[in-house]
Amino acid sequence: MNYWEVSEARHQKMRCGACAITCLILPLLTACSSAPTPGIAAPPVQRSTSVAKPSQQLPGQSDFIASGPLVVENQVDLEAQRDGVVSEGFIDTGSPVRAGQLLAKLDRRQLTADRDAAAAKARSIAADVKNWEAAEKVAKTDFERNDAMWKANIVSREVADHAKYQYEAVQFEVERERENLKYSQNTEKSLELELEKTDIVAPFAGVVARRYIHLGQQVSKNDRLFWISATGPLRLKFTLPESYVGRVKRGTALVVSSVNTPDELHSAKVVMVSPLVDPASDTIDVTAELQGQTKNLRSGMTANIRLQNPQ
């Protein structure tokens, strides 16, 4: 055998050995690939034997809950009705007040002097009116006498006419003085009203929530002086969906609780339902008034309402 024949025989033998090794490895690889890989096997599917039940409605779950501010019907900022200087003060913040109670005073000395002068002038004019009324009676008597004498041809026509014109002139004077008296009396009354404006009084019973003034302060017309608030009855303003139209009406009972003390419940009744629906929000405005004791509630607090079986 030459060199090339020997080399070809060696290569043939090597190929046969590789094929034999391959035939031994392939069955092992096939067996390994058919077994599940540890760590990534899918978990076994568990079949549930329970049947889904319909949800149960909890008591009160259908009640509608809304929030709104607690308010009082009477609450106002007292403003100065005229310019002046605070000369006296009687009430401070937090003090309870009665309707018509005097809270403070503005200096009234100039107004008092003007009022007294107007009153004196009115009295003087009233005296003038009486004087002219007496003169009117005299002129009337002269006119009637001269008219009768002229008719009897005792005096001339000129004398009778002179008495007539004199009587008419006195009547005009009486009317003028009466008008002057009315003007003077109205001036006095106007000054009396201005004097009343210097007394700052409570318009209703309540409490002084805030005081804005102090003694000696110069105030102008429309300046705030006091903030007066009634203490009750408390009312709650809130909105409801338009679906409650006709179901909530005056007298409908509610349950109210404050945000701070949700466990403390208060009864209330609807006192006003808006006759209109807000087209922007599809809601109606409702006002309810709290009943009974509300000692832990204050105006300005936020409260929740629960509608109980609205009719």
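As shown above, the structure is provided for reference.
Nothing here was measured: the structure is a model prediction, and the numbers come from that model.

The rules behind the values
Residues numbered from 1 in each chain as written. Predicted model: local features only at pLDDT ≥ 70, side-chain atom pairs only at ≥ 80, totals over all residues. Heavy atoms only, no water. Helix = DSSP H or I, 4+ residues; strand = E, 2+ residues; numbered from the N terminus. Buried < 20%, exposed > 50% of the residue type's maximum accessible area, 1.4 Å probe, protein only. Areas by Shrake-Rupley, 256 points an atom, 1.4 Å probe, with all protein chains shown as cover. Pairing = 2+ DSSP bridges. Axes fitted to C-alpha atoms, helices over the stretch in contact; angles between N-to-C directions. Polar contact = N/O pair within 3.5 Å; in protein donor to acceptor, adjacent residues only side chain to side chain. Contact = heavy atoms within 4.5 Å. Patch = residues over 30% accessible without salt bridge, like charges linked within 9 Å, V, L, I, M, F, W, Y side chains within 5 Å. Salt bridge = Lys/Arg side-chain N within 4 Å of Asp/Glu carboxyl O. Lys, Arg positive; Asp, Glu negative; His and termini not counted. Charge placed at Lys NZ, Arg CZ, Asp CG, Glu CD. Expected span 1.5 Å × (residues − 1).

**Observations regarding the overall build of the chain**
Item 1. In terms of regular secondary structure, the chain is built from 3 helices and 14 strands.
Item 2. Counting over 311 residues, the chain shows a buried share of 26%.
Item 3. Accessible surface for the chain amounts to roughly 21600 Å². Of this, 54% is attributable to carbon and sulfur atoms.

**Side note on the sheet that holds strand β14 (residues 302–307)**
Item 1. The strand order around the closed barrel built from 6 strands is β1-β10-β13-β12-β11-β14, with neighbouring strands paired in antiparallel fashion. Neighbour-to-neighbour, the strand axes of this sheet turn through a mean angle of 40°, independent of strand direction.
Item 2. As paired elements, strand β10 (residues 234–241) and strand β13 (residues 283–290) share 7 bridges and run antiparallel to each other. Across the sheet, the residue bridging to Thr239 is Asp285, located in β13.

**Considering unusual backbone geometry**
Item 1. The residue after Gly232, namely Pro233, is reached through a cis peptide bond having omega -5°.
Item 2. Its location among the elements puts Pro233 in the loop between β9 (224–229) and β10.
Item 3. Not every positive phi belongs to a glycine, and Asn153 is a case in point at roughly 60°.
Item 4. Locating Asn153 in the fold gives a position in the loop between α2 (109–151) and α3 (157–197).
Item 5. One non-glycine residue, Asn222, lies in the positive phi region at around 80°.
Item 6. Its location among the elements puts Asn222 in the loop between β8 (218–219) and β9.
Item 7. Judged by its relative accessible area of 49%, Asn222 is partly exposed.

**As for the side chain of Glu194**
Item 1. Among the structural elements, Glu194 can be located in helix α3.
Item 2. A distance of 3.0 Å separates a polar atom in the side chain of Glu194 from a polar atom in the side chain of Lys197.
Item 3. The contacts of Glu194, once residues within four sequence positions are left out, are Arg82 and Leu111.

**What to know about a negative patch on the surface**
Item 1. There is a patch of like negative charges on the surface, built from Glu242, Asp278, Asp282 and Asp285.
Item 2. Mapped onto the elements of the fold, Asp282 is located in the loop between β12 (265–273) and β13.
Item 3. For Asp282, a relative accessible area of 39% corresponds to the partly exposed category.

**Considerations on the pattern of salt bridges**
Item 1. Tallied over the full model, the rule gives 17 salt bridges.
Item 2. Its salt-bridge partner being Arg235, residue Glu73 comes within 3.2 Å of it at the nearest N-O pair. Note that Glu73 is positioned in the loop between β1 (65–72) and β2 (75–79) and Arg235 in strand β10, a separation of 162 residues in sequence.
Item 3. Assessed through its relative accessible area of 55%, Glu73 is described here as exposed.
Item 4. It is possible to trace a salt-bridge network through shared partners that takes in Glu73, Arg235 and Glu289.

**Side note on α3**
Item 1. Here α3 is 41 residues long and its end C-alpha atoms lie 61 Å apart, about the 60 Å a rise of 1.5 Å per residue gives.
Item 2. Among all positions in α3, only Ala160, Asp161, Ala163, Tyr167, Val170, Val174, Glu177, Leu181, Ser184, Leu191, Glu194 and Leu195 are buried.
Item 3. The inward-facing, buried residues of α3 contact α2 and β6 (199–201).

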